[in-house]
Amino acid sequence: MDEELKCPVCGSLFKEPIILPCSHNVCLACARNIIVQTPEGEAPQPGRASANSDYDYLDMDKMSMYSETDSGYGSYTPCLKSPNGVRVFPPALLHRHCSVTCPLCHRSVSLDERGLRGFPRNRLLEAIVSRYRHNRAAAVKCQLCDRNPVDATIMCEQCDVYYCAPCQQRCHPSRGPLAKHRLVPPAQVPAAAQQQPPQPPPPGADARKLTTCAEHEAENYSMYCVSCKNPVCYQCLEEGKHGKHDVKQLGITWKQHKCQLSQALNGVSDKAKDAKEFLVQLKNLLQQIQENGVEFEACLVAQCDSLIEALTRQKAKLLTKVTKEREYKLKVVRDQITHCTMKLRQTTGMMEFCLEVIKENDPSGFLQISDALIKRVQSSQDQWVKGALEPKVGPEFDLSVNTDPLLQSILQLDFVQSREILTVPPAPLLQLEKCCTRNNSVTLAWRITTAPVLPVEGYVLELDDGNGGQYREVYVGKETVCTVDGLHFNSSYNARVKAYNANGVGAYSKTVVLKTSDVAWFTFDPTSAHRDIMLTNENQTVSCNSYDDRVVLGMAAFSKGVHYWELSVDRYDNHPDPAFGVARINTMKDMMLGKDDKAWAMYVDNNRSWFMHNNSHTNRAEGGITKGSTVGVLLDLNKHTLTFFINKEQHGPVAFENLEGVFVPAVSLNRNVQVTLCTGLEVPKNLKQ
């Protein structure tokens, strides 16, 4: 409340405040200091400044004041000449052609013959200031002492702070910008004539003074002029000054205005409560910012340290490689030096011996050893072939490190705005209860946990190769359920998914591991079978309505692992030659299996069998099939071989080797044969090579 009780001109508590027509207050003495004399004939539109006068703000806005340079007359201009930046003029100015400018709203009003006495005195404000001074005159403590504050000895009217002597010397020295501040004892009222602290007025002492008419001191205020917005007495009404004005009972208007002020205060009180809560929120925010700043700095330091640590570890690995390469080169060179030295010593010794032999003059003795020496010399010469006198390694290290991309990444390392992060979709959540495997197929389902700022445009599903290798995209689209076929049997796949929208790609989900079946369960494929093929027993039994051989394929495809299945012969008439084996998906369907280069098969009758690929017949083996026999097919893609069995016994050697790629089970038969497929079997043991 302190600022409400201070004069805008002197900056001290109000003394004898008067109300200007704009509703602002100034001290009476300060009002004398801001009176401005205006040129005759160019004064603001005359209007009574008394409590009974009408005041038109629009007319006041149109008034203009001459500047000091143009007219030689003073004008009100905010500056630093007084404690509140108000230029103070000598009070010895005549009231004629004078005006007062409000220091707050800068609106001017002309003075009439009564001068400043024409402005009503704000006795209500004066009483509030008197009470405030009395309450403040009680013993106050220094506001800047840290612990056990002592009694204040001085108070700055501009700062409105109480100081003890040590705190005043330390915090408010009387020099520099603070030298212009007015320091007074805490109990002193800022008025020269008053030496004692103000005493509380006795009850009712100022009752008549507060309600006495300013123009008729013998009359009390009893009415209120709504037009003039001033209280009036009966004599004012009788004089006709307010004849055409809206006049109401003072008490009724007083209660109405009090009610309006109370209602307005309720709204302001709510706003003040919100402001206090907002201040608490801001203070908490300050603390959170401080704590988060410290935590973020620690996190940043940890991240940078981890990068440095990773770089240090990688540096150690690279240095180890360099050391190994250096030791290898040194060993090779040292071994080459040792070997070459030994050979050179042998060669030199042989040369010296040969020279001594040549010096001898015994022809028969020379000829006895010359052939052997010539062979030794020639053999020694052959040892120094081309390349024998060349170093096996060079001095250069065939190692290079390209640090430019890493250095560029480090230089581009910067913070990502959180708003940018929030605009991309969050990481999807894989729904484990809906994820499953069947044979060599996996089904995955996922969902978005929180709605992103922008809608999701699609998802990217990735699987590795089943051996912990690199991920590859297997699905891109808007669906949240996907089935992936054609995977390896008996393999564990890592799967993950991410979402994307117009702003970019979001983070990956957590990885889920899905294991395919150990063995294959499958049936015949009716969609790829020849039209003469007939399937029954839920596509597990096959027959044919043609005398020619027709091919049918299985539903499973294999590219990895060991797989075994059997076919039982349900019907076998007139000694046909059914064929069993594997094929590519695009093998010919209207001829015996194995006649083209896309099938590997064993065809068999009731006495013997042959292996066939690309119409090449090999490895005839005795023993055939009859009704009730079983033919087993073992596809080992770890060893890349194909082996056949009849009635649980291996039939012949390994039929085919070096099989690479994707294979599907296959059978060819005619109308004299019917077989039933049996899958999910264990691999036979004790195989013959």
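Details of the structure are given in the entry above.
In this text the structure is predicted, and so the values were computed from the model without any measurement. (Residues numbered from 1 in each chain as written. Predicted model: local features only at pLDDT ≥ 70, side-chain atom pairs only at ≥ 80, totals over all residues. Heavy atoms only, no water.)

### Looking at the overall build of the protein
Part 1 of the argument: Helix and strand counts for the protein stand at eleven helices and 33 strands.
Part 2 of the argument: A burial count over the protein gives 36% of its 689 residues as buried.
Part 3 of the argument: Counting contacts in the protein only where the partners sit at least 6 residues apart, residues at least 24 apart contribute 59% of the total. (Helix = DSSP H or I, 4+ residues; strand = E, 2+ residues; numbered from the N terminus. Buried < 20%, exposed > 50% of the residue type's maximum accessible area, 1.4 Å probe, protein only. Contact = heavy atoms within 4.5 Å.)

### Topic: the packing of aromatic side chains
Remark: the centre distance and the inter-plane angle together describe each pair of aromatic rings, the angle taken between the planes.
Part 1 of the argument: Using the criterion set out here, one finds eleven aromatic pairs in the structure.
Part 2 of the argument: Following the ring pairs from residue to residue traces out a cluster consisting of F489, F522, F558 and W565.
Part 3 of the argument: A cation over a ring is seen here: R496 above Y471, with NZ or CZ 3.8 Å from the ring centre.
Part 4 of the argument: Between R671 and the ring centre of Y547, over which it is positioned, the NZ or CZ distance is 4.6 Å. (Phe/Tyr/Trp six-rings, centres within 6.5 Å; stacked < 30°, edge-to-face > 60°. Lys NZ or Arg CZ within 6 Å of the ring centre and 35° of its normal.)

### A few points about the sheet that holds strand β28 (residues 616-622)
Part 1 of the argument: Ordered in space as β23-β32-β25-β26-β27-β28, the six strands form an open sheet in which the pairing is antiparallel. Because the sheet does not close on itself, it has two edges, and the strands there are β23 (550-553) and β28. Direction aside, the axes of adjacent strands within the sheet are offset by 20 degrees on average.
Part 2 of the argument: Taken together, the five bridges between strand β25 (residues 579-583) and strand β32 (residues 664-669) define a ladder with antiparallel strand orientation. By the bridge assignment for β32, V582 is matched with P665. (Pairing = 2+ DSSP bridges. Axes fitted to C-alpha atoms, helices over the stretch in contact; angles between N-to-C directions.)

### What about the pairing of strand β33 (residues 673-678)?
Part 1 of the argument: Pairing of strand β22 (residues 541-544) with β33, which is carried by two bridges, proceeds in the antiparallel orientation. Bridge pairing in β33 places T541 opposite T676.

### Overview of the environment of R608
Part 1 of the argument: Turning to its location among the elements, R608 is positioned in strand β27 (residues 608-613).
Part 2 of the argument: Looking at R608, the relative accessible area reads 23%, which means it is partly exposed.
Part 3 of the argument: Sequence spacing of R608 and E622 is 14 residues, and the spatial spacing of their C-alpha atoms is 4.3 Å.

### Examining the pairing of strand β24 (residues 562-572)
Part 1 of the argument: Here seven bridges tie β24 to strand β29 (residues 630-636), and the two strands are oriented antiparallel to one another. Note on β29: the bridge partner recorded for W565 is V633.
Part 2 of the argument: Relative to β33, β24 runs antiparallel, the two sharing six bridges. Along β33, the bridge assignment pairs R571 with Q674.

### Notes on the sheet that holds strand β6 (residues 154-156)
Part 1 of the argument: Strand order in the open sheet formed by three strands is β7-β6-β8, with antiparallel pairing between adjacent strands. Both outer strands of the open sheet, β7 (161-163) and β8 (183-184), are each paired with one neighbouring strand and no more.
Part 2 of the argument: Pairing analysis gives two bridges linking β6 to β8, with the strands arranged antiparallel. Residue M155 lies in a different strand from β8, and its bridge partner there is V184.

### So, the packing of helix α8 (residues 250-359) against helix α9 (residues 363-383)
Part 1 of the argument: Between α8 and α9, the shortest axis-to-axis distance is 11 Å and the interhelical angle comes to 150 degrees. Considered as vectors, α8 and α9 are oriented roughly antiparallel to each other. Helix-helix and strand crossings are classified by hand; for α8 and α9 the assignment is left-handed. Each of K343, T347, M350, F353, C354 and V357 in α8 lies in contact with α9, whose residues at this interface are F366, I369, L373, R376, V377, S380 and Q383.
Part 2 of the argument: Grouping the constituent residues of the contact of α8 with α9 by class yields eight nonpolar, three polar and two charged. (Parallel < 35°, antiparallel > 145°, perpendicular 65-115°, else oblique. Left-handed = near helix turned anticlockwise from the far one by under 90°. Nonpolar A, V, L, I, M, F, W, Y, C, P; charged D, E, K, R; others polar.)

### Considering a nonpolar patch on the surface
Part 1 of the argument: The grouping of F278, L279, L282, L285 and I289 at the surface amounts to a nonpolar patch, some 450 Å² of accessible area in total.
Part 2 of the argument: Here L282 shows up in helix α8.
Part 3 of the argument: Given the relative accessible area of 33%, L282 is considered partly exposed. (Patch = residues over 30% accessible without salt bridge, like charges linked within 9 Å, V, L, I, M, F, W, Y side chains within 5 Å. Areas by Shrake-Rupley, 256 points an atom, 1.4 Å probe, with all protein chains shown as cover. Salt bridge = Lys/Arg side-chain N within 4 Å of Asp/Glu carboxyl O.)

### Thoughts on the side chain of K498
Part 1 of the argument: Along the chain, the position of K498 falls in strand β18 (residues 492-501).
Part 2 of the argument: A distance of 3.1 Å separates the side chain of K498 from the side chain of Y508, its partner in a polar contact.
Part 3 of the argument: Among residues more than four places away in sequence, those in contact with K498 are P428, G458, Y459, V460, E462, V505, G506, A507 and Y508. (Polar contact = N/O pair within 3.5 Å; in protein donor to acceptor, adjacent residues only side chain to side chain.)

### Focus: the pattern of salt bridges
Here the idea is simple: oppositely charged side chains can pair when their charged atoms come close.
Part 1 of the argument: The tally for this structure, following the rule as stated, stands at 18 salt bridges.
Part 2 of the argument: Of the charged contacts, one joins K498 and E462 as a salt bridge, the two residues approaching to 3.9 Å between their closest N and O atoms. Of this pair, K498 sits in strand β18 while E462 sits in strand β15 (residues 458-463), placing them 36 residues apart in sequence.
Part 3 of the argument: Assessed through its relative accessible area of 15%, K498 is described here as buried.

### Some details on the environment of L125
Part 1 of the argument: Assignment of secondary structure puts L125 in helix α4 (residues 123-137).
Part 2 of the argument: Considering only alpha carbons, one finds L125 and E4, 121 residues apart in sequence, at a separation of 9.5 Å.
Part 3 of the argument: Apart from residues no more than four positions distant in its own chain, L125 is found in contact with E4, L5, F14, P17 and N25.

### Section: the environment of L429
Part 1 of the argument: Mapped onto the elements, L429 comes out in strand β12 (residues 429-430).
Part 2 of the argument: Between the alpha carbons of L429 and Y508 there is a distance of 9.2 Å; along the sequence they are 79 residues apart.
Part 3 of the argument: The residues contacting L429, other than those within four sequence positions of it, are A445, W446, R447 and T449.

### Overview of the nonpolar core
Part 1 of the argument: Judged by nonpolar contacts, the single largest core of 38 residues is most densely connected at F558, W565, L567, L635, L642 and V675.
Part 2 of the argument: Where this core is concerned, the elements lending two or more residues are β22, β24, β25, β26 (599-604), β29, β30 (641-646), β32 and β33.
Part 3 of the argument: If you tally residues by element for this core, the top one is β24, at four residues.
Part 4 of the argument: With sequence-adjacent residues up to four places away left out, F558 is seen in contact with F489, A520, F522, H563, W565, L635, L637, G661, V662, F663 and P665.
Part 5 of the argument: Counting residues in each nonpolar core, the second largest holds 25 residues, with L13, L20, I34 and V109 among its members. (Core = buried A, V, L, I, M, F, W, Y, C linked by side-chain atoms within 4.5 Å.)

So yeah, pure geometry; function would need other evidence.
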